[in-house]
Every structure is written in structure tokens, then in C-alpha cells.
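# Summary of the model geometry
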Amino acid sequence: MTRHARNCTAGAVYTYHEKQKDASQSGYGTQNERVGKDSIKSFDCCSLTLQPCRTPIVSPEGHLFDKEALLQYMITKKNEYSRKLKEYEKQKHKEEEELAELGRAEQQSKVNDFLKRESMVKRQNDIYKMKSQKRSEKNASSISNMANGLDKQLPSFWIPSETPDANKAPMQKPDKTIYCPMSGKPLKLKNFVNVKWTLVNDPSDKKSLAVRENRYMCAVTHDILSNAVPAAVIRTTGHVITMECFEKLIKKDWLHPLNGDKLTEKDIIPLQRGGTGYATTNVNLQGKNARPVLQA
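Small disclaimer: the values here were computed from a predicted structure and weren't measured. (Residues numbered from 1 in each chain as written. Predicted model: local features only at pLDDT ≥ 70, side-chain atom pairs only at ≥ 80, totals over all residues. Heavy atoms only, no water.)

Looking now at the overall build of the protein. On a plain count of helices and strands, the protein comes out with four helices and ten strands. Seen in sequence order, the protein has helices and strands lined up from the N terminus as α-β-β-β-α-α-β-β-β-β-β-α-β-β. As displayed, the protein offers around 23000 Å² of accessible surface, 52% of which is attributable to carbon and sulfur atoms. (Helix = DSSP H or I, 4+ residues; strand = E, 2+ residues; numbered from the N terminus. Areas by Shrake-Rupley, 256 points an atom, 1.4 Å probe, with all protein chains shown as cover.)

Here it is, written out as C-alpha cells:
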């Protein structure tokens, strides 16, 4: 046993601490790192551009988009579908031509075989068979790799001309449906709701709206909205409220607090927001980098 425990290197057990230390220094093992604030989308930013929305709209699943960016995304997907459909039709037309060519070649081959059998004389066939049998008997006893027609074959299967070709995978018919980039569900613009933000009226804050820390507030309680505050959108009017306001005010009588209209549970769309750095706010705020595992 050594004198100092911190400098002990003669232990018979490879401890977990030593394994983690060696893994971090050697480049092995999965790295876990908490996501910083700069890597998290703000609650009022578009899910495509990651910038504050000019014309905000929200999906039925609660994902916020800028209307201009979403339309551009849909146009891009439609153009991509048109391009893939042309390639698919071109491939299908080529396959039909190849099948027709094979059919014509097979028919011509049958005709040639029939004419050849009818024109050949039996005596000539017998002479040809006798000659071929004598030639094969002569070369059968040879152990040379150049006899029996082997001189015309390449000896190595790894020669480039002998290796199999990688055939191009056949293209499948493209799907015409445009899917949401966040939820993966079919994207329909008629299901989106226009969002109405309530600006924070602070006369002392002379900064631009894009650089303000507190930009929007609840339309009813005037609480400041942020990633730490769960929010929801009222489908009928597009106003943004806090979930606390929904639980304490709207859920009691299911009436709109601003105009008194009747509401249902489907009229409340919970707004998807980014993380805050706190583990209890969101599901996963860790980034993982998978590397080879260090075996003990």
C-alpha cells in the first residue's frame, strides 16, 4: 500500500471515477453537455428561421411559424415534388422501353433459331459434333490453365472489369403530401391560426422590439411572457395568454375573457417553447456526442 491515497496506482479495482477520467482524456465514451441559452429557440421565434416572427401563425400542435417562411417552405417542397415526379416518370418510361426492347429481341431470337434449325443439314451437324468431341478428348487430359478455352477467361475476379456493378436503386413514386417540419403531420395552411401578441408598453425602454428582453405579455393578466412561462393561444381570436390564466380564469366558465365568447377545450392551443436551462422546464436539455466505448 502506498503512502498517500491520492497517488494510489496499485489498486486491484478499476474504479468508475478512473474510467470516466480516462474516457474524457482518451476520446472514448459518450459526451453529455447541457445546452446553453444561445442554442435554445425563444418562445416567439419561428421554428424555421429561428428569428422573431413578423407575421406569426401557430399550428394545431402549438409550433410557431412565420407565415412568409412557411409559404416559402411549402413552395420549395412543391418544386421538389415536381422535380422528383419528372425523374420518376422518366425512369418509368425508360423501363417500359427496355421491356419492349427485350420483348423484340426475344422474338427475333426465336425466329433466328427456327430458321437456323430448318436450314442446317443433318450431315453437317454430325460432322461438327465429331470434330468437337475429338477436340475435347485431346484437351481433357491437359492440366494447363490455357486449355479448353480458359485462355479467354480472366483469372482474377477482383479485376475491375470482373467486379459487379452497383446498380442504381429504383426511384419510388414521390409523396405529394407536404409534412410539418416539426410535428411530421400533413401541413395544411387552413388549420393555422394567426397569433396576436400583446406588446409590453414600457416608455423607459427605447430599444428596438427585436432586441428587447421583455417583448410580449399576457393579453389578460399582463404577465411577461418568456420561455419560463407556459403560454397558450386562443384559437378563435389568436390572443396569447399564460397557462396560469387559462387554469384560473377561463377554465371555470369557458368564456373568452376579452369578448365573452363561448370556448371549448379545442380552442386552447398550448404554445411550444424553448428551454430555460432548468431541468424541470423542458424534457431534454442535454446534447449527446456518441463516441467509441472504452472497454475496461
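Next, the rest of the story.
What follows concerns unusual backbone geometry. Even without glycine at this site, histidine 222 takes up a positive phi of about 60°. Structurally, histidine 222 can be placed in the loop between strand S6 (216–217) and strand S7 (231–234). The exposure class of histidine 222 is partly exposed, given its relative accessible area of 47%. In this model, tryptophan 254 sits at a positive phi of 55°, which is unusual for a non-glycine residue. (Buried < 20%, exposed > 50% of the residue type's maximum accessible area, 1.4 Å probe, protein only.)

Here we take up a negative patch on the surface. A contiguous patch of negative charge, built from Glu95, Glu96, Glu97 and Glu98, is present on the exposed surface. Residue position: glutamate 97 is located in helix H2 (residues 67–119). (Patch = residues over 30% accessible without salt bridge, like charges linked within 9 Å, V, L, I, M, F, W, Y side chains within 5 Å. Salt bridge = Lys/Arg side-chain N within 4 Å of Asp/Glu carboxyl O. Lys, Arg positive; Asp, Glu negative; His and termini not counted. Charge placed at Lys NZ, Arg CZ, Asp CG, Glu CD.)

Moving on, we get to a nonpolar patch on the surface. On the surface, Val111, Phe114 and Leu115 cluster together into a nonpolar patch covering about 270 Å² of accessible area. Looking at where phenylalanine 114 falls in the secondary structure, it is placed in helix H2. Taking relative accessible area as the criterion, phenylalanine 114 reaches 44% and is therefore assigned partly exposed.

Taken together, three strands build an open sheet; the order of strands is S8-S7-S9 and the sheet is antiparallel. Since the sheet does not close on itself, it has two edges, and those belong to strand S8 (240–242) and strand S9 (268–270), each with one partner. Between one strand axis and the next, the sheet turns by 35° as a mean value, whatever way the strands run. In the sheet, S7 pairs with S9 via three bridges, with the strands oriented antiparallel. (Pairing = 2+ DSSP bridges. Axes fitted to C-alpha atoms, helices over the stretch in contact; angles between N-to-C directions.)

Once that is clear, we can look at H2. In this model H2 runs 78 Å from its N-terminal to its C-terminal C-alpha over 53 residues, within 8% of the 78 Å that 1.5 Å per residue would give. Where the residues of H2 are buried, they touch strand S2 (56–58) and strand S3 (64–66). (Expected span 1.5 Å × (residues − 1). Contact = heavy atoms within 4.5 Å.)

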